[in-house]
Amino acid sequence: MPNRLANETSPYLLQHRDNPVDWYPWGEEALARAREEDKPLLVSIGYSACHWCHVMAHESFENPEIAREMNERFVCVKVDREERPDLDAIYMTAVQAISGQGGWPLNVFLTPEGLPFYGGTYWPPEDRRGMPGFPKVLAAVADAYQNRKDETLESAEQVSSFLDRAMSGLPSPNRVSPETLDEAARALLPGFDDANGGFGRAPKFPQASVLDFLLRYAKRTHAPEAEEMVRLTLDKMAGGGVHDQIGGGFHRYAVDAAWLVPHFEKMLYDNAQLALLYLDAYRAFRDPGHRRVAERTLDYLLREMSSPEGGFYAAEDADSEGEEGRFYVWTTAEVDDLLGEDAALVSRYFDVEPGGNFEGRSILNTPRPLKEVAAEFGLSEEDAAAKIGAASATLLAARDHRVRPGCDEKVLAAWNGLALKALATAGRALGRDDYLRAAVANAEFLLGTMRVDGRMRRAFTHGEARGDGFLEDHAFVADGLLALYGATLESRWLDEAVSLTETIVRDFADPSSAGFYDTGIGHERLIARPRELQDGALPSGNAVTADLLVRLGALTGREEWSRRGVKLLEAMADPMAQQPSGFGRFLSALDFHLAEPTELVIAGKPGETAVGALLGATAGEYLPNLLVAGADPDDEAAARRVPMVAGRTPRGGAATAYVCQNFACQLPVNEPEAMLAQIRRGAAVAWREL
């Protein structure tokens, strides 16, 4: 018989509706029962694409004997971390303090008042490899609560006090300067893997925000170390198994240092961020390989992750047919049967060998340059590329007939904001109208369906937008809308970005500091009000908000936003300089603030060919500190919206570009190349003065 989760809409919760565990969703009903029966709560947090969540579910939550122990001793609650990042942040912080480690599945034991007193991640069904079995953990925790309650409650109070300290306030402010950026870049060097790219050893995560900062830093300072860190990492990732070589897109992370063996789930947030990062690298370095990866990643999102309403799904699972990665791996026999005489060439290029490189099969990767493989087979590079391209299409078509991994069709506002930004930017930069159309459709869906009474909802599932939106939902969507304005110059997108930022300042601001809470006014009261400052797989909501405030403050002339953004950057000065791997997005925002952005006004009607040509020229260049605004001659409110467009009109009836820097403007021009020359001169001066 299904449990209470059968009435939920979260795909992750629905995966557990047939467990013999008497699961509750998070809410007052579960808390009230715990108080009434004086039982601790067992809160299990995970997400639908989590491999080890599936393992523990199969081993323990589907086991009738273990489920009986859970039901008798605890009130059991299941939480989708993607729908409730606030609960995940609070209890992950608690478990890390208790056990010294974190991850998913996250299993935490609470008092009936919701205070955590013990927790951990995956536990096996019996003692294994030094880990206690889950039944032993359940018995020990229940015994401690029943027979040593005073000690248990004291531990819970100590953890609660720690949470209050960890989630309140900001670091002491300090002066920010170009030296902050220099110190951060130097601090990243010791952790860089100069053989494989990326940072640290296994497991290896992309860390898109850090690479974005280094790309900016390399462009501004021409520091060869920073450029090499970006190039090597992007090239090694693109050639590794972490990159889906035939279908496009990236898996979540690699379990090894060389990016070969991925944890096979695919997340929207990774692919949106990495598509934009590879696009920026292409604009900075003009390596066509970077463009190819960016386009294939966005094509994957449009092909596999698009919802009919215009949103993008959250994730694809790691497992299919009960095996992790089965959908993605190959044997030599499969390749031979499909490709015939070209099989040897393709197998050599994609590293498919007898015995494989992953549990008897092969993860496609490209350890050898195409030129080298072509020479081995007596082919020109062009002919080899054509054969491999045709073979890749054949392999992809065959793979599409396999049992696909499950797709989490939940649409999350924050993650869609990341996709919106990537599609809008790439659409204009690469002249891809399909990307721009998808970006517009996504923006209209987010604003029309996932925004209610001026506030974003968190998730859209089964035709319903639900759950209070968090700081990241508002900030990421506003950031995406700002990018869409920059790609189209249509004022409605700027107006909507401003509106969401006003909501952020009104509903999420901490009145005692420059920072912001992750939850808004009126959100469910929890044991702590979370505030994330550090980047994880996603940039922190506070970092994106700081970036929004300094950009929109400069664009709209709202000095109070600029001041607040700078104060937030100053509060994060020491963490940025000393621990840059956790504060990449703050560092990028600081780079913008310090660089005195170049201002570009394009006068003309949005959608006109000449306006598009000017916009496309700027979008095709890597100009991270360019501030673009449109002066539509038919828009009487344009100057009130963006003061710098005042008096900017098309010259001679033709679209006209006005480039200004530090309150000094150059002569208006009509030609894209003349405009770019002015922008480059202005950027060079700004960077020299840093």
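Everything here concerns the structure above.
Residues numbered from 1 in each chain as written. Predicted model: local features only at pLDDT ≥ 70, side-chain atom pairs only at ≥ 80, totals over all residues. Heavy atoms only, no water.

In this section: helix 16 (residues 381-399). In this model, helix 16 (19 residues) spans 26 Å end to end at C-alpha, consistent with the 27 Å of a helix rising 1.5 Å per residue. Regarding helix 16, the residues found buried are Ala384, Ile388, Ala391, Ser392, Leu395, Leu396 and Arg399. Summarising the axial view, the buried residues of helix 16 lie within an arc of 140°, below the 170-degree limit, and thus occupy one face. On its buried side, helix 16 packs onto helix 13 (332-339), helix 14 (343-350) and helix 15 (370-376). (Helix = DSSP H or I, 4+ residues; strand = E, 2+ residues; numbered from the N terminus. Expected span 1.5 Å × (residues − 1). Buried < 20%, exposed > 50% of the residue type's maximum accessible area, 1.4 Å probe, protein only. Arc of directions from axis to C-beta. Contact = heavy atoms within 4.5 Å.)

The next point concerns the environment of His474. Within the fold, His474 resides in helix 19 (residues 471-488). According to the relative accessible area criterion, His474 is buried, its value standing at 0%. Linking His474 and Arg455, residues 19 residues apart in sequence, is a C-alpha distance of 7.7 Å. Among all residues touching His474, those that are not within four sequence positions of it are Arg455, Met456, Gly469, Leu500, Thr503, Ile504 and Phe508. Within polar-contact distance, the side chain of His474 engages the backbone oxygen of Phe470 at 2.9 Å. (Polar contact = N/O pair within 3.5 Å; in protein donor to acceptor, adjacent residues only side chain to side chain.)

The next thing to look at is the pattern of salt bridges. What the rule picks out here adds up to 66 salt bridges. In this structure, Glu376 and Arg348 form a salt bridge, with 3.0 Å as the shortest nitrogen-oxygen distance. Residue Glu376 is found in helix 15, and its partner Arg348 is found in helix 14; the two are separated by 28 residues along the sequence. Residue class for Glu376 comes out partly exposed when judged on its relative accessible area of 42%. Between Asp400 and Arg404 there is a salt bridge, with its nearest N and O atoms 3.6 Å apart. A single network of salt bridges, built from pairs that share partners, joins Arg4, Asp22, Glu29, Arg33, Glu37 and Lys39. (Salt bridge = Lys/Arg side-chain N within 4 Å of Asp/Glu carboxyl O.)

The gaps of empty space that remain are located by a probe, the size of a water molecule, rolled over the atoms. Looking at the second largest pocket, its volume works out to about 1000 Å³. Those elements giving two or more residues to the lining of the second largest pocket turn out to be helix 10 (224-239), helix 12 (288-304), helix 14, helix 15 and helix 16. Among the elements that make up the lining of the second largest pocket, the one with the highest residue count is helix 16 (seven residues). By residue class, the composition of the lining of the second largest pocket is 16 nonpolar, 11 polar and eight charged. (1 Å grid on protein atoms, 1.4 Å probe; cavity = no way out; pocket = protein on both sides within 12 Å on 5 of 7 lines; lining within 4 Å. Points joined across faces, edges and corners; volume = space filled by probe spheres on them. Nonpolar A, V, L, I, M, F, W, Y, C, P; charged D, E, K, R; others polar.)

The buried fraction of strand 17 (residues 598-603) is high, at five of six residues. In terms of strand pairing, strand 17 meets strand 18 (residues 626-631) through six bridges, oriented parallel. The residue bridging Ala603 from the neighbouring strand is Ala631, located in strand 18. What joins strand 17 to strand 18 is helix 25 (residues 609-619), and the crossover it makes is right-handed. Where strand 17 and strand 19 (residues 656-661) come together, five bridges link them in antiparallel fashion. In the sheet register, Glu599 faces strand 19, and the bridge partner there is Cys660. (Pairing = 2+ DSSP bridges. Right-handed = clockwise from strand over helix to strand, strands pointing away.)

By definition, the strands of a sheet pair up through backbone hydrogen bonds, in either a parallel or an antiparallel sense. Across the sheet, which stays open at both edges, the three strands sit in the order 8-9-12 with antiparallel pairing between neighbours. The outermost strands of the open sheet, each flanked by one partner alone, are strand 8 (266-267) and strand 12 (407-408). As defined by bridge partners, strand 8 adjoins strand 9 (residues 315-316) across two bridges and the pair is classed as antiparallel. Counterpart to Lys266 in the pairing with strand 9 is Glu316.

Let us look at the packing of aromatic side chains. Within the structure shown, the criterion is met by 22 aromatic pairs. Taken together, a centroid distance of 5.1 Å and an interplanar angle of 55° make the contact between Trp52 and Tyr122 tilted. Taken together, the positions of Trp52 in helix 3 (residues 51-61) and Tyr122 in the loop between strand 5 (116-120) and helix 6 (134-147) put the pair 70 residues apart, joining distant regions of the chain. Ring geometry for Trp123 versus Phe134: centroids 6.0 Å apart, planes at 15°, classification stacked. With Trp123 in the loop between strand 5 and helix 6 and Phe134 in helix 6, the pair connects residues that are 11 residues apart, well separated along the chain. Neither residue differs from the other here; Trp123 and Phe134 are each classed as buried. A cation over a ring is seen here: Lys78 above Trp23, with NZ or CZ 5.3 Å from the ring centre. Here the basic side chain of Arg531 rests over the ring of Tyr517, its NZ or CZ set 4.5 Å away from the ring centre. (Phe/Tyr/Trp six-rings, centres within 6.5 Å; stacked < 30°, edge-to-face > 60°. Lys NZ or Arg CZ within 6 Å of the ring centre and 35° of its normal.)

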